[in-house]
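Remarks on the overall topology
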Amino acid sequence: MAQGEEMGTDGDSLPLMEMGASEPEPLDQSVDYVLVADHRTQRNPRKVQQQKRFLEDLRRKGFCYKVKEDEEKVFFGIRADNRIFSLYRTLLLEPEGPDPRVEPIGPTTIPATTRIRVVNFILNCRTASGDTFQDLVKDGVFETRFPLHKGQEKLKKKWAQWRNMVHEQPIDDIRNYFGEKVALYFAWLGWYTYMLVPAALVGLIVFLSGFSLFNASQISKEICEAKNIYMCPRGSSRRYQRLSDTCTFAKLTHLFDNEGTVIFAIFMALWATVFLEFWKRQRARVVLHWDLYGWDEDQEEVALELINCPDYKLQPHQHSYLRSIIILVLSLFMICIMIGMAHILVVYRVLAAALFSNSALPFLEEQVTTAVVVTGALVHYVTILFMTKINKCVAMKLCDFEKSRTFSERESKFTVKFFTLQFFAHFSSLVYIAFILGRINGHPGNSVRLAGLWKLEECHLSGCMMDLFVQMAIIMGLKQTLSNCMEYLGPWLAHKCRSMWNSKSLDPELRDWQRNYLLNPVNTFSLFDEFMEMMIQYGFTTIFVAAFPLAPLLALFSNLVEIRLDAIKMVRLRRRLVPRKAKDIGTWLQVLETIGVLAVIANGMVIAFTSEFIPRVVYKYRYGPCRQGAHYKEDCLTGYIDHSLSVFHINDSVRIEGLENITQCRYRDYRNSQDYNFSEQFWVLLAIRLAFLILFEHVALCIKLVAAWFVPDVPQSVKNRVLEQKYRMLWEKMRVSIKSTDV
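Residues numbered from 1 in each chain as written. Predicted model: local features only at pLDDT ≥ 70, side-chain atom pairs only at ≥ 80, totals over all residues. Heavy atoms only, no water.

So, the environment of A371
Inspection of the secondary structure assignment puts A371 in helix α14 (residues 368-402). The spatial distance from the C-alpha of A371 to the C-alpha of A352 is 8.6 Å, given a sequence separation of 19 residues. (Helix = DSSP H or I, 4+ residues; strand = E, 2+ residues; numbered from the N terminus.)

Take a look at the structure:
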């Protein structure tokens, strides 16, 4: 059962219609947008009157509409007159003549992306009565609105299928259907995935190179043979553990904590720079191909405002120091909360260690540290999911308080705020594990305790790199697998459930509207969330890559799946995104550059303070058998384990029954065995660590700067083409001027 009603447009009521061009179109063509209302609202005279006022306001602006309904919903299909789009093009003309950045004016068909973008902007504006469409939705007058999916069969066949996973993306087709902003996202994601191939290969080689020394490493040999060395009890445990019991973990640690780690960290600093520089070149080519190289976003928004309201008054840029100070203070408060969440995780790990140490399960008692690290990573992942929702709300409230001038400015500021909060939510616990864990615990006999009861958690017996590796592997693995599954299964199940309870109409047009209505809704954050997910992944791939060289490989496999997941969601499972023009990825480029700098700093600190690289090198050339150029027939690291472990003398009060013959235990630190103060080796190592950190960061940053200089942001072919266009425009203007003068 369906009924239709059509209303024409009143041409004289169009704003600035003296600049119009074509005749009004009949509504037998496809509609631009569909508005939906619940049948129950039609029994409320006040809401019906509000609907009529809103539709009448659209009619005065140059729209016509038709009404169709089924048993539950009322659908209003609206279509804008072509004169609105002619006006849109006219307002974007330059004084010299047609600008090559916009679609040519003529009898050609208006692109669907342009129609949807302009209509969406008009629908977002306030009506004569002062209401917006969102106000009417909150009041229950309308339920929702959406543009229709039309002509997406080509994208379904060439893009939104799993069998196309390794095929090149049809970026131009994506742009023609979803607009430039979505197309640039997928162009960037495809380029990022392509550039991950060399990073993944090098990371895999570095990781596998450890296997060649899996049994040959001198350090691993000494640990495996240290059956007479007992490690002091850690945490709340009172159990002395043979160092040889950690033999397997020591070998595993050497897979990602070896000399190749330093080379790989420098390589990734160079890779991040080259990736960004080549992306800038790729973007320039794509944008020039789309005739958007010199497109002005401010001019676009002003043009849309004038179309909707000829009396629009330009809003000037404003800045308030008071408002900025308040936003800064609130942002810092939220960052402190993020850091506080990391401290809560520390408390959990301490309590979990105490619980597992007294567990009745033998496995938990023997593998306390491993169990604590794994469960701590799971708790951190759940915390991230919880804080993401809070961070988004806080960032949105801060943007509302800031009162941005335009939507694009608001989006840019929201990006900075939300990413900053998300960064601390994701990486604060990793910073704790990498640089604080096990370093503020004191020493056996004088341990720092939480609330005076529980000892603070310590690093794994095989070193802190093992803790960082496990934390990175679990969080990144869960985010790339579980999150991707939920990202796809959620919309798929929701769409199936909505489709099951729908009755099909006999009217083919109404049936098409119903099909689009049953798809999952989209919002302004739909594409933003995809970008944010990739930025966090990029952070994991670069910032602590020295501790997890397999991160690029995991990101590569994840992205191959992510591209198809996003394609299927956008084309098959979600309503059509509103197309938006863009000539770059906006603030996200600055986010990527910031992550690149943080990656250099973090990886330098990981190698200097978390890895055993510096202590091994110092021992080899200062304390070991090969010191001062001496020739030693065996490995130069012989004796390193005994040198790197401090001695604690066990008193009678801390002896354990059955182990009375143990008079001393060892622990990871550089302290004197007499007074337990820091030894001379500790201060030498600290000085060398700091010197290495400064040297590493300066070398890596210099390499980044040289690479950025060596690879121009814009290809010469693009510069020459833009220069040629300017030359032709000026030459044509001069030719016209000469003819006028001659006449």
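There is more to say, and it comes next.
So, the packing of aromatic side chains
Across all of its chains, the model carries 41 aromatic pairs by this definition. Arranged with centres 5.7 Å apart and planes meeting at 40 degrees, the rings of F275 and Y538 form a pair that is tilted. Pair noted here: F275 is in helix α10 (residues 259-289) and Y538 is in helix α18 (residues 526-542), with a separation of 263 residues, a long-range link. Neither residue differs from the other here; F275 and Y538 are each classed as buried. Taking the centre distance of 5.5 Å and the plane angle of 40 degrees together, the rings of F648 and Y676 count as tilted. Taken together, the residues F648 in strand β12 (residues 645-649) and Y676 in the loop between β13 (664-668) and α23 (680-710) connect sequence positions 28 residues apart. Positioned above the aromatic ring of Y177 is the side chain of R576, whose terminal nitrogen or guanidinium carbon lies 3.8 Å from the ring centre. (Phe/Tyr/Trp six-rings, centres within 6.5 Å; stacked < 30°, edge-to-face > 60°. Buried < 20%, exposed > 50% of the residue type's maximum accessible area, 1.4 Å probe, protein only. Lys NZ or Arg CZ within 6 Å of the ring centre and 35° of its normal.)

Section: the state of the cysteines
All chains considered together, the criterion is met by three disulfides. Disulfide pairing places C224 opposite C247 at an S-S distance of 1.8 Å. Where C224 bonds to C247 through sulfur, the torsion about that S-S bond is close to 75 degrees, and the disulfide is right-handed. Here C224 is found in helix α8 (residues 218-225), whereas its partner C247 is found in helix α9 (residues 247-256), with 23 residues between them in sequence. Between the sulfur atoms of C626 and its disulfide partner C636 the distance amounts to 2.0 Å. Because the torsion about its S-S bond is -80 degrees, the bridge between C626 and C636 counts as left-handed. Residue C626 is found in the loop between α21 (613-623) and α22 (640-644), and its partner C636 is found in the loop between α21 and α22; the two are separated by ten residues along the sequence. For C626, a relative accessible area of 9% corresponds to the buried category. (Disulfide = S-S within 2.5 Å.)

Overview of the nonpolar core
General note: in soluble globular proteins, nonpolar side chains tend to be found buried as a group. Core analysis: the largest hydrophobic core is formed by 133 residues, its most contacted members being F178, W188, Y192, W271 and F544. A per-element tally of this core places helix α7 (residues 180-212) first, with 16 residues. Among residues more than four places away in sequence, those in contact with F178 are T113, H149, L155, W159, M570, V571, R576, L577, P579 and R580. (Core = buried A, V, L, I, M, F, W, Y, C linked by side-chain atoms within 4.5 Å. Contact = heavy atoms within 4.5 Å.)

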